[in-house]
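Fold and geometry: a report
Spelled out from the first residue to the last, the chains are:
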Amino acid sequence: MRVRRMTAPLVETRGLGVRMGGVQVLRDVDFAIAPGEIVTIVGPNGSGKSTLLRAILGSIRPSAGRIVRSAGLRLGHVPQRLVLDPTLPLTVTRFLGLPRRVSVARAREALDRAGLADLGGRQMADLSGGQFQRVLLARALLDAPNLLILDEATAGLDQPGAAAFYRRIEEVRARTGCAVLMVSHDLHVVMSASNRVVCLNGHICCEGAPEAVAGAPVYRALFGEGTQGALALYRHRHDHHHDHAVEAAE
């Protein structure tokens, strides 16, 4: 009989806890993402979404638990925003080569994958918001990451711009096979792109396939009645219970 082997996760957190400024931001977070998977993290402001991403990226140190990364893991990161001095003469190609030099061919390939093949000579200060975020995406793709991490990468973009950006992310995933881990409040992303949704509020409240939207009891408890936004859940794995009204007030 042939035994099916489970695919090892790219990243796994075990009992992860993070304290910042004396405040417990994350506690007992058990999370994993598999190769090729698209996972969206949702939760209210202050729920620790960006903190979890930063811990996975290695930019902050956990106060408890551990993070296990697969051997040779390559990470690409698209931040929420990056502020550059608009008076600084800096072309797109030159920006991609900072702080280490990148060949023109590599820069062109990354820009092509991000949908900006002809903008290498454009000044960064002259880019639209959507173009700027795609340049950040190109930068994240330079090292052919196994895992692409996006921290609300469409913040500040209008709805058509955000939709176009996420369509490009789906194309990148289809072409490269990389996994995608993102924080997003865009409903169409959660519904159309994600294999799994993780609801975070200092700890993982619920996770599963995106099936119920906006009117779900967990959504109303965390975000309030009538709140505009996105939260698609679940196929709940409710092996524990939460006082969601208390969590929403934290």
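These numbers come from a predicted model, not from an experiment. (Residues numbered from 1 in each chain as written. Predicted model: local features only at pLDDT ≥ 70, side-chain atom pairs only at ≥ 80, totals over all residues. Heavy atoms only, no water.)

A separate point is the pairing of strand 1 (residues 11–20). Two faces make up the sheet, and in a regular strand the side chains alternate between them. Judged from the seven bridges that link them, strand 1 and strand 2 (residues 23–33) form a sheet pairing that is antiparallel. Bridged to L16 within strand 2 is V29. Linking strand 1 to strand 2, which pair antiparallel, is a turn of two residues; within it G21 sits at a positive phi near 60°. In this sheet, strand 4 (residues 64–69) lies alongside strand 1 in antiparallel orientation, the contact comprising five bridges. When the bridges of strand 4 are listed, V11 appears paired with R69. (Pairing = 2+ DSSP bridges. Helix = DSSP H or I, 4+ residues; strand = E, 2+ residues; numbered from the N terminus.)

Looking now at the confidence of the model for the protein. A low pLDDT score tells you not to read the predicted coordinates there in detail. On average, residues of the protein carry a pLDDT of 83, and 80% of them reach 70 or more. Below a pLDDT of 50 lies the segment residues 1–5, which in the model reaches zero contacts outside its immediate sequence neighbourhood of four places, other chains included. Note on residues 226–250: pLDDT is under 50 here. Beyond four places in sequence and across chains, it has 65 contacts. (pLDDT = per-residue confidence, 0-100. Contact = heavy atoms within 4.5 Å.)

In this model, helix 4 (residues 129–141) (13 residues) spans 19 Å end to end at C-alpha, consistent with the 18 Å of a helix rising 1.5 Å per residue. Of all the residues in helix 4, the buried ones are F132, Q133, R134, V135, L136, L137, A138, A140 and L141. Its buried side turned inward, helix 4 meets strand 5 (75–78), helix 2 (92–96), helix 3 (104–113), strand 6 (147–151) and helix 5 (159–176). (Expected span 1.5 Å × (residues − 1). Buried < 20%, exposed > 50% of the residue type's maximum accessible area, 1.4 Å probe, protein only.)

The rolling of a water-molecule-sized probe over the atoms marks out the regions of remaining empty space. In this structure, the largest pocket encloses a volume near 310 Å³. Lining the largest pocket are 15 residues, and of these H77, R100, R139, A140 and D143 sit closest to its centre. For the lining of the largest pocket, the elements supplying multiple residues, two or more each, are strand 5 and helix 4. Among the residues making up the lining of the largest pocket, the classes are represented as 10 nonpolar, two polar and three charged. (1 Å grid on protein atoms, 1.4 Å probe; cavity = no way out; pocket = protein on both sides within 12 Å on 5 of 7 lines; lining within 4 Å. Points joined across faces, edges and corners; volume = space filled by probe spheres on them. Nonpolar A, V, L, I, M, F, W, Y, C, P; charged D, E, K, R; others polar.)

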